Amino acid sequence: MQDRTHKPKWTSFEEATEADWQAVMDYEEAFNAGLVDRILAMLKSLDEDWTPYPVNRYQHSLQAASRAYEDGADEEIVVAALIHDIGDILSPYNHGELAAAMVRPYMSEKARWIIEHHCVFQGYYYNHMLGGDRHARDRYRDSPHYDDAVYFCHHYDQKAFDPDYPSKPLAFFEPMLRRVFGKSGGHLELAETASD
């Protein structure tokens, strides 16, 4: 347990001691324990009163995850379907990249890649109507996750706008979120080395 009465004396990273850094790591581990609660709050913030879509982004997220679950997708893909648009809150134009960065320490490369690229893959359904290239996703055809992203977008994402679909509630997915985000990859910078 951290001593909350001790105020650090260092003012730059180079002045911090090993004990100071251990205190930082302890603090960050405790903070990270609340990650799923923050994700749940972010998802709930997508519950808008009005949207030009048939359902709002919160309902879309629940429906995408419900469709993945009903399809028998593995738990990680169900969670990916639930949170794939969570980056919309901060950065709608690159929300896939933002959400993918968030899941990197916790999910497989396949799930992370699908989340990162789902915007391009979704463009297959509407880019051509907005002056874009509906086949832009084909630039990723050599990826081992290409077919998985096509499937994810076709079966879970682009179909998840049905106001009559019986989506499962957020509480149904919470244990899955806790399991997936309970696998801590820790600080990614600690895994970096000077050589390959």
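Residues numbered from 1 in each chain as written. Predicted model: local features only at pLDDT ≥ 70, side-chain atom pairs only at ≥ 80, totals over all residues. Heavy atoms only, no water.

Enquirer: Looking at this model, I keep getting lost on the overall build of the protein chain. Mind explaining?
Expert: From N to C terminus, the protein chain includes eight helices and zero strands. What you see in the protein chain, going N to C, is helices and strands ordered as α-α-α-α-α-α-α-α. Counting all 196 residues of the protein chain, 36% fall into the buried class. Carbon and sulfur atoms form 53% of the exposed surface of the protein chain, whose accessible area is close to 12,000 Å². (Helix = DSSP H or I, 4+ residues; strand = E, 2+ residues; numbered from the N terminus. Buried < 20%, exposed > 50% of the residue type's maximum accessible area, 1.4 Å probe, protein only. Areas by Shrake-Rupley, 256 points an atom, 1.4 Å probe, with all protein chains shown as cover.)

Enquirer: How do you make sense of helix α2 (residues 35-44) when you look at a structure like this?
Expert: In an α-helix, one full turn covers 3.6 residues, which means residues spaced three or four apart are oriented alike. Among the residues making up α2, those that are buried are L35, V36, I39, L40 and L43. Along α2, the residues classed as buried sweep out an arc of 140 degrees about the axis, all on the same side. (Arc of directions from axis to C-beta.)

Enquirer: I tried to follow the pattern of salt bridges on my own but got confused; where do I start?
Expert: Between side chains of opposite charge, pairing is possible as soon as their charged atoms come close. Per the stated rule, a full pass over the model turns up 10 salt bridges. Note that R178 is salt-bridged to D37, the shortest N-O span being 2.6 Å. Linking R178 in helix α8 (residues 170-181) with D37 in helix α2, this pair joins segments that are 141 residues apart in sequence. Of the residues examined, R178 reaches a relative accessible area of 34% and is grouped as partly exposed. On the accessibility criterion, D37 (42% relative accessible area) is partly exposed. What you see here is one network of salt bridges that share partners, running through D37, E174 and R178. (Salt bridge = Lys/Arg side-chain N within 4 Å of Asp/Glu carboxyl O.)

Enquirer: It is not clear to me how the layout of surface pockets should be interpreted in this structure. Could you clarify?
Expert: To locate leftover empty space, one rolls a probe as large as a water molecule over the atoms. The computed volume of the largest pocket comes to approximately 600 Å³. Lining of the largest pocket is provided by 22 residues; of these, Y53, D85, D88, H95 and Y126 occupy positions nearest its centre. Broken down by secondary-structure element, the contributors of at least two residues to the lining of the largest pocket are α3 (57-70) and α6 (109-122). The greatest single-element share of the lining of the largest pocket, amounting to three residues, is contributed by α6. For the lining of the largest pocket, a count of residues per class yields 10 nonpolar, seven polar and five charged. (1 Å grid on protein atoms, 1.4 Å probe; cavity = no way out; pocket = protein on both sides within 12 Å on 5 of 7 lines; lining within 4 Å. Points joined across faces, edges and corners; volume = space filled by probe spheres on them. Nonpolar A, V, L, I, M, F, W, Y, C, P; charged D, E, K, R; others polar.)

Enquirer: Looking at this model, I keep getting lost on the nonpolar core. Mind explaining?
Expert: The tendency in soluble globular proteins is for nonpolar side chains to be buried side by side. Among the nonpolar cores identified, the biggest contains 41 residues, and L43, L82, I83, M107, L177 and F181 are the most heavily contacted of them. Listed by contribution, the elements that provide at least two residues to this core are α2, α3, α4 (75-83), α5 (95-103), α6, α7 (146-157) and α8. With seven residues, the single largest contributor to this core is α4. Contact partners of M107, with chain neighbours within four places excluded, come to E76, V79, A80, I83, I115 and V180. (Core = buried A, V, L, I, M, F, W, Y, C linked by side-chain atoms within 4.5 Å. Contact = heavy atoms within 4.5 Å.)

Enquirer: Would you explain the packing of α5 against α6 in this entry?
Expert: The description of two packed helices rests on the angle between their axes and on the distance between the axes. One can describe the packing of α5 onto α6 by two numbers: an axis separation of 7 Å at closest approach and a directional angle of 170 degrees. Classed by the angle they form, the pair α5 and α6 counts as roughly antiparallel. The crossing of α5 and α6 is right-handed. In contact with H95, G96, E97, A99, A100 and V103 of α5, α6 contributes R112, I115, E116, H118 and C119. Residues that form the contact of α5 with α6 fall into these classes: five nonpolar, three polar and three charged. (Axes fitted to C-alpha atoms, helices over the stretch in contact; angles between N-to-C directions. Parallel < 35°, antiparallel > 145°, perpendicular 65-115°, else oblique. Left-handed = near helix turned anticlockwise from the far one by under 90°.)

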